[in-house]
Amino acid sequence: MTARAPAPPALGTPLAGIASEVYTVPTDKPEADGTMSWDKTVLVLVRARGGGAEGIGWTYATSACKPVVEDLLAPAIDGVDVGDVPGALEAMVRACRNVGRPGIASCAISAVETALWDLKARVLGVPLARLLGQCRDEVPIYGSGGFTTYDDATTRRQIETWTGEWGIPRVKIKIGESWGTRPDRDLARTRLVRKVAGAGVDVLVDANGGYRRKQAVRMGRRLREEAGIVWFEEPVSSDDLQGLREVRDQVDVDVTAGEYGFDLVYFARMVEQEAVDCLQVDVTRCGGYLEWQRAAAVAFSRSLDVSGHCAPNLHAHVALSVPNLRHLEYFHDHHRIEHMLFDGVLSPRGGVLRPDPGAPGHGMVLKAPDAALYRTA
Ligand SMILES: [Mg+2]
């Protein structure tokens, strides 16, 4: 690099260390969507030290991210200036060339990258939102859960909590049960949600790729007519871009996807093929905050909104930084886990997240004694 103006002293220091820890948290009930079931969630935490501070970031993925962080990524960014997060991201991406970036490697990169931004903001003593820059002061959220394993009473209670107790005017449930083989139950559950939520609440559905193309069109029309849905997520597999486009052309409701985007090429392809009305981007998978902003820019170039996928507390600050944000997914599992493991999490009440303007970084620290109960590596 050529000579640069002097950095603030703390930014002129190299990274002092990267470490990772694995936490495994059981679900509170058996959970399933249209195409998968699970009973636990794995959070891989990364600690980044330097400039007299520590930043943390994480991904919701698999313990296999830990050796990727330690063996591949940490050596690649050894000695990088704590201020040069874009350079660190590029070094990590290049280090993953031979193992392949999409999937586990990109989740590991995301955990490190978000920790590095948190570290930089803490070194400077500013909230992450101030470091990234803001387009807005608050992030609209939607309540997300409504698993296909829930009975009606459980679904009803969850919707009432989100809309009544917390005042969130948007809710999303899972449909496409058992790979699209329970369409009548999908319709009945969505009608129940519409009834419980009331007229002023947006109802969103997520089929997780459980339907086939024509079936998705038929379901989209009925769900719109019978329950007034506004959002039809992954009506068919998100790998089937032509299928998404076909459904999109034939239903009134917005078709969305993008949660499995692990690099910018994926988002560019999805947008170029006009597969979605709103692009979903997950900061714990896509490569971190900078890549999340870049994906939002790809969407913005085609007049599309973005919606943050899951990990609500990790997304909040970056979601403030883009002009085309629609909302952020306030996912049941991650609400539980982030409240269990971290101090400094944000309240969902009122249907918006408002990052604390007085807390440096993203404002969260691990609750070490509580978290220790769930540490698995
Ligand atoms: Mg989804």
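Residues numbered from 1 in each chain as written. Predicted model: local features only at pLDDT ≥ 70, side-chain atom pairs only at ≥ 80, totals over all residues.

**Student:** What should I look at first to understand the nonpolar core in this one?
**Tutor:** Nonpolar side chains in soluble globular proteins generally cluster together in the buried interior. In terms of nonpolar packing, the biggest core is built from 116 residues, with Ala 108 and Val 112 touching the most fellow members. Considering every element that reaches this core, the biggest residue donor is helix H3 (residues 104-124), with 14 residues. For Val 112, the residues in contact, after removing those within four places along its chain, are Ile 18, Val 46, Ala 48, Gly 57, Val 69, Leu 73 and Met 92. (Core = buried A, V, L, I, M, F, W, Y, C linked by C-beta atoms within 7 Å. Buried ≥ 20, exposed ≤ 12 C-beta atoms within 10 Å, placed from the backbone. Helix = DSSP H or I, 4+ residues; strand = E, 2+ residues; numbered from the N terminus. Contact = placed C-beta atoms within 7 Å.)

**Student:** What am I meant to see in the packing of helix H10 (residues 264-272) against helix H11 (residues 289-300) here?
**Tutor:** Helix-helix packing is described using two parameters, namely the angle between the two axes and the distance between the axes. The contact between H10 and H11 brings their axes to 9 Å, and the two run at 15 degrees. Taken as axis vectors, H10 and H11 run roughly parallel relative to one another. The chirality of how H10 crosses H11 is right-handed. Along the contact surface, H10 presents Leu 264, Phe 267, Ala 268 and Val 271, while H11 presents Glu 291, Arg 294, Ala 295, Val 298 and Ala 299. Here the contact of H10 with H11 is composed, by residue class, of seven nonpolar, no polar and two charged. (Axes fitted to C-alpha atoms, helices over the stretch in contact; angles between N-to-C directions. Parallel < 35°, antiparallel > 145°, perpendicular 65-115°, else oblique. Left-handed = near helix turned anticlockwise from the far one by under 90°. Nonpolar A, V, L, I, M, F, W, Y, C, P; charged D, E, K, R; others polar.)

**Student:** Help me understand the environment of Gly 243 in this model?
**Tutor:** Along the chain, Gly 243 falls in helix H9 (residues 241-250). The class for Gly 243 is buried, based on 21 C-beta atoms found within 10 Å. Remark: the alpha-carbon pair of Gly 243 and Lys 214, spanning 29 residues in sequence, is separated by 9.2 Å. Apart from residues lying up to four places away in sequence, Gly 243 is in contact with Arg 213 and Val 236.

**Student:** Got a minute to help me understand the packing of helix H1 (residues 65-76) against helix H2 (residues 85-95) in this structure?
**Tutor:** Packing of H1 against H2 brings their axes to within 8 Å, and their N-to-C directions diverge by 135 degrees. Between H1 and H2, the angle falls in the class oblique. In this structure, the crossing between H1 and H2 has a hand that is right-handed. When H1 is examined against H2, the residues Leu 72, Leu 73 and Ala 76 are found in contact with a partner set consisting of Ala 91, Met 92 and Ala 95. Tallied by class, residues from the contact of H1 with H2 come to six nonpolar, no polar and no charged.

**Student:** What is the right way to look at H3 in this model?
**Tutor:** Each α-helix winds once per 3.6 residues, and so residues spaced three or four apart point in a common direction. With 21 residues, H3 should cover 30 Å at 1.5 Å per step; its first-to-last C-alpha distance of 31 Å lies within 8% of that length. Counting buried residues along H3, 21 of its 21 residues qualify, which places the element largely inside the surrounding structure. Note on H3: the residue one or two positions beyond its end, Gly 125, has a positive phi of about 75 degrees. (Expected span 1.5 Å × (residues − 1).)

**Student:** What am I meant to see in H11 here?
**Tutor:** Spanning twelve residues, H11 covers 16 Å between terminal C-alpha atoms, matching the ideal 16 Å at 1.5 Å per step. All of the buried residues along H11 are Tyr 289, Leu 290, Glu 291, Trp 292, Ala 295, Ala 296, Val 298 and Ala 299.

**Student:** Can you walk me through the sheet that holds strand E2 (residues 37-50) in this structure?
**Tutor:** Adjacent strands of a sheet form backbone hydrogen bonds with each other and so pair up, either parallel or antiparallel. Here we have three strands laid out as an open sheet, ordered E1-E2-E3, and antiparallel in their pairing. Strands with a single pairing partner mark the edges of an open sheet, and in this sheet they are strand E1 (15-32) and strand E3 (53-60). Each neighbouring strand pair of the sheet contributes to a mean axis angle of 20 degrees, computed without reference to strand direction. Pairing between E2 and E3: eight bridges, direction antiparallel. Bridged to Gly 50 within E3 is Ala 53. Sheet strands touched by H1: E1, E2 and E3. Its angle to E1, the strand with the most contacts, is close to 160 degrees. Across the face of the sheet, H3 comes into contact with E1, E2 and E3 while running at roughly 150 degrees to E3. (Pairing = 2+ DSSP bridges.)

**Student:** Looking at this structure, how should I read the domain arrangement of the protein chain?
**Tutor:** For an interface, size is often stated in terms of accessible area lost upon the parts coming together. For the protein chain, the assigned domains read domain 1 (9-125) and domain 2 (130-366). For domain 1 versus domain 2, the separation of C-alpha centres amounts to 23 Å. Listed per partner, the contact involves 39 residues of domain 1 and 39 residues of domain 2. Contributing elements (two or more residues each) for the side of domain 1 that touches domain 2: E1, E2, E3, H2 and H3. Sorting elements by how many residues they give to the side of domain 1 that touches domain 2 places H3 first, with twelve residues. Among the residues forming the side of domain 1 that touches domain 2, the class breakdown is 19 nonpolar, eleven polar and nine charged. (Domains from an automatic or database assignment.)

**Student:** Could you clarify how one ought to interpret the pairing of strand E10 (residues 305-308) in this entry?
**Tutor:** The two faces of a sheet get side chains in turn, since along a regular strand they alternate between them. Along E10, one buried face is formed by Asp 305 and Ser 307 and the opposite face, lined by Val 306 and Gly 308, is buried too. In the sheet, strand E9 (residues 278-281) pairs with E10 via four bridges, with the strands oriented parallel. Counterpart to Leu 279 in the pairing with E10 is Val 306. Since E9 and E10 lie parallel, the crossover through H11 that links them has a hand, and here it is right-handed. Crossover connection from E10 via helix H12 (residues 312-319) to parallel strand E11 (residues 325-331): handedness right-handed. (Right-handed = clockwise from strand over helix to strand, strands pointing away.)

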